[in-house]
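As a plain string of letters, each chain reads:
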Amino acid sequence: MNTSLQGAEAGPKIVLCMADVGCGHARAAAAVALAIRERWPGVRSPVIDALDGAPRWFTAVYRGAYLAAARHTPAMSGWFYKATDTDGIPAQRGVGPAVEARALSHFTAMDAVRDADVIVCTHFLCARVLSRLRGAGRLRGRLVVVVTDQHPHAVWRVAHADRFLVASESARNEMIRHGVAAERVVVTGIPIDGRFARPMSQEAARASQGLAGTSPVILLCGGGLGLGGMDQALEGLIAAGSGSRVVVVCGRNADLRVQLSRRVREAGVTARIRIVGQTSRMRELMAAADLMVGKPGGLTTAEAVAVGLPMVLLRPIPGQEERNAAVFVKQGAAMLEPDAYRAGVLAARLVTDKDEMSRMREAARGFGRSGAAGAAAEAIMGLMRRDALEGKSEQAIVVCKRESRGAAIA
């Protein structure tokens, strides 16, 4: 079976790899791929889900365990996160890595992966498996790891990556503290949809979303999976009885959308509360909103601060979401309210406090990196330019020649 995703045209081969657990990793990969194509139209950059083709038992366990831990045993999840955040660069030996390698053998055998000049990973599972191959001399391409959380947990710190793209200087310092060479760590921010880099006024966003008017707008979301106690947060918003309008994004959680739609009808508040499912228009919704209530996922929070949107953060999943929340609370861009009902009540009050909203908005803008995907693309192509200068990659030389011709024409 031909597993190649590459065509016959000359040019560098860059492949984006992720594991679709949640939605953030896929969105980050898509954002980087688009940024590469916008800057270098002749460069192909397909996105591969490493779990496609994996045994069903592995996919079910990997995705199911994450959701089950988040919903039913968050304390256990937090303990495991802390216990595995070891010092240094993990050795990646033992039963776990062997199982991962076996389960993802279809992925690692793909022509697109084997023949790539650069492989970009936005999930640590891909990075772990490919790093081991690279260390064994069985992978020729460069390996770039994009860390999609504020804190670079040990699972991201693989031994054989050429570059780590991280959220902030603090994250970079953490990587260096654990023994990663400074020249291998680049601060780009967490890659988000490139449309966030194009300013959109609140007035235009509200008009586009049918939210025109002067009433405050609150955006309630729980990531792509609709987690975080959104039903209780909505109850708090209903009980507060404010004049704010609310848009609730349920993501792929169809059951939650049905449940919340029914509750809004029962409460007689359909005129001011809108329930939607999965959407490709989060940039518009965030630009239209005055405040977001949601879980502190890496991509969602990065998108919010990119448009200067203050946040009330729901109870984080212990582990990476706790770290994400702590960063934004310390920055002053967010408030944390673990009780979802009280978070809804807090949001209804907070959105009417113009001074506090202004302060939080400025804090969010100061932390936002709307051009993170572009910065990641530049870092990836910078690695190829370096290879070209050192004569390590014929495909990288093709890119440099194309860029030189473009500069001459310009």
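Residues numbered from 1 in each chain as written. Predicted model: local features only at pLDDT ≥ 70, side-chain atom pairs only at ≥ 80, totals over all residues. Heavy atoms only, no water.

**Considerations on the nonpolar core**
A general trend in soluble globular proteins is that nonpolar side chains are found buried together. Counting residues in hydrophobic clusters, the biggest one holds 39 residues, and the most contacted among them are Leu104, Phe107, Ile119 and Leu130. Going through the elements one at a time, strand E1 (14-18), helix H6 (111-114), strand E3 (118-121), helix H7 (124-135), strand E4 (142-146), strand E5 (163-166), helix H8 (169-177) and strand E6 (185-187) are the ones with two or more residues in this core. Ignoring any residue separated from it by four or fewer positions in sequence, one finds phenylalanine 107 in contact with Cys17, Ile48, Ala50, Val113, Cys126 and Leu130. With 34 residues, the next largest nonpolar core counts Leu219, Val247, Ala288 and Met311 among its residues. (Core = buried A, V, L, I, M, F, W, Y, C linked by side-chain atoms within 4.5 Å. Buried < 20%, exposed > 50% of the residue type's maximum accessible area, 1.4 Å probe, protein only. Helix = DSSP H or I, 4+ residues; strand = E, 2+ residues; numbered from the N terminus. Contact = heavy atoms within 4.5 Å.)

**Looking at the pairing of strand E7 (residues 217-221)**
Summarising burial for E7: five of the five residues are buried, a large majority. Taking every second residue as pointing to the same face, both faces of E7 are buried, with Val217, Leu219 and Cys221 on one and Ile218 and Leu220 on the other. Both E7 and strand E8 (residues 245-249) contribute to a ladder of five bridges, which runs parallel. Across the sheet, the residue bridging to cysteine 221 is valine 249, located in E8. Pairing of E7 with strand E10 (residues 291-294), which is carried by four bridges, proceeds in the parallel orientation. The residue bridging isoleucine 218 from the neighbouring strand is leucine 291, located in E10. (Pairing = 2+ DSSP bridges.)

**Overview of the pattern of salt bridges**
For the structure shown, the criterion picks out 20 salt bridges. Its salt-bridge partner being arginine 323, residue aspartate 85 comes within 3.9 Å of it at the nearest N-O pair. Here the residue aspartate 85 occupies a position in the loop between helix H3 (74-84) and helix H4 (95-103), and arginine 323 occupies one in helix H14 (residues 320-331), the gap between them amounting to 238 residues. Under the relative-accessibility criterion, aspartate 85 is labelled buried at 18%. The residue aspartate 162 makes a salt bridge to arginine 134 at a minimum N-O spacing of 2.8 Å. Placement of the pair is aspartate 162 in the loop between E4 and E5 and arginine 134 in helix H7, with a sequence separation of 28 residues. (Salt bridge = Lys/Arg side-chain N within 4 Å of Asp/Glu carboxyl O.)

Nothing here speaks to function; it is geometry throughout.
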